[in-house]
Amino acid sequence: MEFTTQLLYPLDQVLLAVMIFSIMFGMGASLTVDDFKTVLRYPRGILIGFLSQFGLMPFFAYLLAVYFNLPPAYAIALILIGCLPGGTTSNMFAYFARGSVALSIAMTTASTILALLMMPFLLEFYTAEFTREISAEMQAAGTGGEFVIPTSNIIGSLVLVLLPVLMGMFLRAKSRVWAKTAEDTAGFMGIIVILFLIVTAFVRHTGLLLQTPMEIYISALLVGLLGFLFGYWMSWAFGLSPIFQRAISLETGIQNGPIAFAIILLSFVDPVESQMLWLAILYSTFIVITSSFITLYYRRVGKFDHEVYKNTSIHNRLFGEEYVTGYPDGFLPARISNDPSQGSTPAQKRG
Amino acid sequence: MENRIVAQNLAELYREAANRYGSLPAFATRKKELEWEPVSFEELYNRGLNLATGLIEMGVEARDHVGLFGDNRFEWILADYGVQLCGAADVPRGRDITDAELVYIINHAEISIAFVETKVLLDRILELRSEFAGLKEIILMDPKADAPEGVHTLGNVVDHGEALRKYGNTRAEERIADIQSDDLFTLIYTSGTTGKPKGVMLTHSNMMSQVKGIPVDLNCTDRVLSILPVWHIFERVFEMFTITCGVCTYYSNIRHLADDLKNVEPTFMGSAPRLWESLYQKILKKVSDSHPMRQLLFHTAYFLSRQYKSSQFFLSGRDLKLEPFSKIKRALLAPFHAVRWLAVLPFYGFFNVAVLEPVRMSAGGSLKATVSGGGALPSEIDKFFNFIGIPVLEGYGMTETAPVIAVRREENLVIGTVGPPMEDTEVRIADMESGEVLYPNNKYPDEGRGLKGEILVKGPQVMKGYYRNPEQTIKTIQDGWLKTGDLGMITYNDCLKILGRSKATIVLTSGENLEPEPIEMRLTQSPYIEHCMVVGQDKKQIGALIVPDIEGFRKKGIDPDSMHDLAGDPEVRKIIQEEIKKMISVANGYKRFELIQDFRLLPQNFSTGEELTSLFKMKRHVIQDKYADLIEDIYNPEPAQVA
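Residues numbered from 1 in each chain as written. Chains lettered and ligands numbered in written order. Predicted model: local features only at pLDDT ≥ 70, side-chain atom pairs only at ≥ 80, totals over all residues. Heavy atoms only, no water.

(A) Geometry of the pattern of salt bridges. In this structure the tally under the stated criterion is 42 salt bridges over all chains. Each of Asp71(B), Arg73(B), Glu75(B), Arg95(B), Glu117(B) and Asp142(B) takes part in one network of salt bridges that share partners. (Salt bridge = Lys/Arg side-chain N within 4 Å of Asp/Glu carboxyl O.)

Below you can see the structure in the form of structure tokens.
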């Protein structure tokens, strides 16, 4: 499948840039220095989150690309999405899924910083064979040259998208009220622009929807779903309490889409660029839908353990950190009662 | 409901709660914003047993009446534990009790031992001491206050009891075993029409039926914030309910409510309409103060929620049905609602998450449900909270029914009604004049649904009677049916709707009760006032409708052509305003909430048979209907009336 027209017009590109800027700015406006301290308070959760975000996700993306035998540009886009850090949307979903919002924010913060190191390395590692394929195609077509992943560009664009985050954090430190307004406005603008882009892309390129092979849809859909599933199972296997499982699951599946757009726009050129953007758009659309359903499901199953966690942590808030809530025997299921903190932090000392 | 402890009496409930919930917090007292002191079910029970033993030693007999004068605090509930665990009943009242009431209640209830909360109240009682011969012992509750000689402190009585129990004193346990279900657990004095308070006798089985029937499910992970006075039966029932469920009650107050909502994040609370009114205004103010972007978002969200919920209520049969409904009409409307429901759903979902959730946070964010009682909740406020996603379960009751007669269920929430009657409770609607039962009655279509009349109640919550007042008891309870004195009807989906009061008592939104008749009688003593009716049911303050006395004004030299001209004369208005100010004042012994804030002059006199009965008593509901627009005008005045 070839792109006969450009996927995005110049106006769209400007809009996209505005969206990326405002979303990342809003993300910064929601962060405080305390959030970085929280990272240190959840070392275990962060580590498991790290493994699932930078271990599982890129690996699944690679497996899907190989299994479905995706065209190389799509394969690279899929792997790129797999390597992304988490975004602020996952924090909102974690809240409604009755997961640990603190862990979600801490994971977003940690992964965004770590992405500077991990993304170039992971991309290099997983995309080697696909870049060779593209180079071979280019040779065959006679356009010459060799296709390489522009590592320095990627790092450059990552740094570039982190700038508005820093600016947002600066605003937050200066004025809470303004930061809150900026966060909300940015969030709202982000939604409007992304809706506009998706709708126009779909309207202009209805043909594209039909041309796109089923494997591409499936892999764009599955990469997020596998992230949710395995993030949940892995944290379960490590014995984390349910509220952390839900946070890690959502954090793993929901990636920071705007960063993907920024990297693709700044580091790649057509025809590869359009194909990669198309996959990123598909992923962004699917993930909103799937994570809504997953959130509704988590919300239902997590009602009880979240209430226990909430009550326990409010007891600690009001009665002191040392207070131990002693639920009647048999009231808590084994998984929660075996966790000495009952999901709350800091861990309670048991009498 | 499987979470609840089922017990025969309060003492047994307290014991079972200690066994089952052990070290879980039962009550928490605020020290600072983020520093609260919990007391566990076990500890409370043990201290209660010690106190009971101490009380028995002081001479409290089973079924004695023990005075309990004070407001919400941990010591209050401890005193209640002590009284229940020695098989006695308490006679509670708040610190705002007047001297006259103190004298009347202590003598009428034959109180010989009383708990007194503060030093100030204690001094008042000591001063009045010569007026109550029977009062022998006083126990001061405030641990920080110094007790003068001859007055016990709560701590001392508990310590004494503890020492006795150490040596094997088990008299408290013997008393518990001896409690009968129709023994009183409390004797609550309400202010009556004639000014003499009436002692409502409530039994253990009254309370147990309430605690069993409250249609809300709570467990040990829930938190209840308490702000209403605990000596009020409405609040008390919730505190007993939380004990059956192992829920911790956090004592808050109006001043700290906003902070406490945020810090305690209550999952459930009971409260009076005034709280919802002030929370409603706070939310609206916060919205109008915010960024225009966020205002727009809020109004969009509220609009969507209203569309969504209205259709949802219609489809699930929870809309207000005051008239018989045709099945065909409903069937025709159903597809419209189904389409609207579906179309709005995704947008509602998004805005509910992004906009309404932060609004809900101002009420703590965790409220599963709330019960409003003690007065009617204005319908716009009722709708507002239900639309933004805080289910308000409005209830209806009175002290005489311990108190709940009917309450909305979460799954059957019909806005505008007070829900179906509690389980095991029968409700009748009877004609005001003839006493004929209108509902349930096969003579009428739909068994009498939709007909207005006085509400009668029969059920396990109905009081034993008024203490030492058989006359009033017989007047109020006939064949087991308690006459509430309120007007109501049964809707076509079997919920009770309250329409007003046939008794004259006015209940303000603040929960304060006042009797209009003494005020009216005082005012009609003025030469310028012929008739007067005080209004203000479910309003913030009272107002009055006044028929000026044309003869009185003629004597003063104002000679109008008609009543209509008289009512329109600004000079007349000024004179009457001064009369009211002079007569109904704090200096003359009226309470602040009894002061008339505004009034309207009526353009024609009352006539016998219409506004007045043959005995010249005002037919309040007739006058209310006839002058509804004038009453409305008192509370929402039209701007700039040119006289």
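(B) Quick look at the interface of chain B and chain A. Taken together, the 31 residues of chain B in the interface contact 26 residues of chain A. Surface buried jointly by chain B and chain A totals about 2,500 Å² across both partners, of which 65% is contributed by carbon and sulfur atoms. Where chain B touches chain A, the interface holds 3 salt bridges. Of the charged contacts, one joins Lys368(B) and Glu307(A) as a salt bridge, the two residues approaching to 3.6 Å between their closest N and O atoms. The class makeup of the residues in the side of chain B that touches chain A is 15 nonpolar, 6 polar and 10 charged. (Contact = heavy atoms within 4.5 Å. Buried area = accessible area lost by both parts, 1.4 Å probe. Nonpolar A, V, L, I, M, F, W, Y, C, P; charged D, E, K, R; others polar.)

(C) Just the packing of helix 6 (residues 101–141) of chain A against helix 11 (residues 242–253) of chain A, in detail. Residues and elements named next belong to chain A. The interhelical angle for the contact between helix 6 and helix 11, taken along N-to-C directions, is 35°, at an axis separation of 9 Å. The element helix 6 and its partner helix 11 pack so that their crossing is right-handed. The segment helix 6 lies against helix 11, with Leu103, Ser104, Met107 and Thr108 engaging Phe244, Ala247, Ile248 and Glu251. (Axes fitted to C-alpha atoms, helices over the stretch in contact; angles between N-to-C directions. Helix = DSSP H or I, 4+ residues; strand = E, 2+ residues; numbered from the N terminus. Left-handed = near helix turned anticlockwise from the far one by under 90°.)

(D) Molecular detail of the sheet that holds strand 27 (residues 596–601) of chain B. Residues and elements named next belong to chain B. In spatial order, the strands read 25-26-27; together these 3 strands make up an open sheet with mixed pairing. The open sheet is flanked by strand 25 (529–535) and strand 27, the only strands paired with a single partner. Across the sheet, the mean angle from the axis of one strand to that of its neighbour is 25°, orientation sign disregarded. The pairing of strand 26 (residues 542–548) with strand 27 spans 5 bridges and is classified as parallel. (Pairing = 2+ DSSP bridges.)

(E) Spotlight on the confidence of the model for chain B. The pLDDT averaged across chain B works out to 88; a share of 96% of its residues lies at or above 70. Scored by ipTM, the complex comes to 0.79, with pTM at 0.80. (pLDDT = per-residue confidence, 0-100.)

(F) A look at the packing of helix 3 (residues 43–67) of chain A against helix 10 (residues 214–237) of chain A. All names here are of chain A. Between helix 3 and helix 10, whose axes approach to 9 Å, the crossing angle comes to 145°. Crossing of helix 3 against helix 10: the hand is right-handed. Contact residues: helix 3 offers Ile48, Leu51, Ser52, Leu56, Met57, Phe60, Ala61 and Leu64, while helix 10 offers Ser219, Leu222, Val223, Leu226, Gly227, Phe230, Gly231, Met234 and Ser235. Here the contact of helix 3 with helix 10 is composed, by residue class, of 12 nonpolar, 5 polar and no charged.

(G) Local environment of the packing of aromatic side chains. According to the stated counting rule, one finds 36 aromatic pairs over all chains in the structure shown. A centroid spacing of 5.5 Å and a plane angle of 20° characterise the contact between Tyr232(A) and Tyr298(A), whose relative ring orientation is stacked. Of this pair, Tyr232(A) sits in helix 10 while Tyr298(A) sits in helix 13 (residues 272–301); the two residues are 66 residues apart in sequence, bridging distant segments of the chain. Under the relative-accessibility criterion, Tyr232(A) is labelled partly exposed at 23%. Taken together, Trp276(B), Tyr280(B), Phe298(B), Tyr302(B), Phe384(B), Phe385(B) and Phe387(B) form an aromatic cluster joined through their ring pairs. Here the basic side chain of Arg330(B) rests over the ring of Phe314(B), its NZ or CZ set 4.3 Å away from the ring centre. (Phe/Tyr/Trp six-rings, centres within 6.5 Å; stacked < 30°, edge-to-face > 60°. Buried < 20%, exposed > 50% of the residue type's maximum accessible area, 1.4 Å probe, protein only. Lys NZ or Arg CZ within 6 Å of the ring centre and 35° of its normal.)

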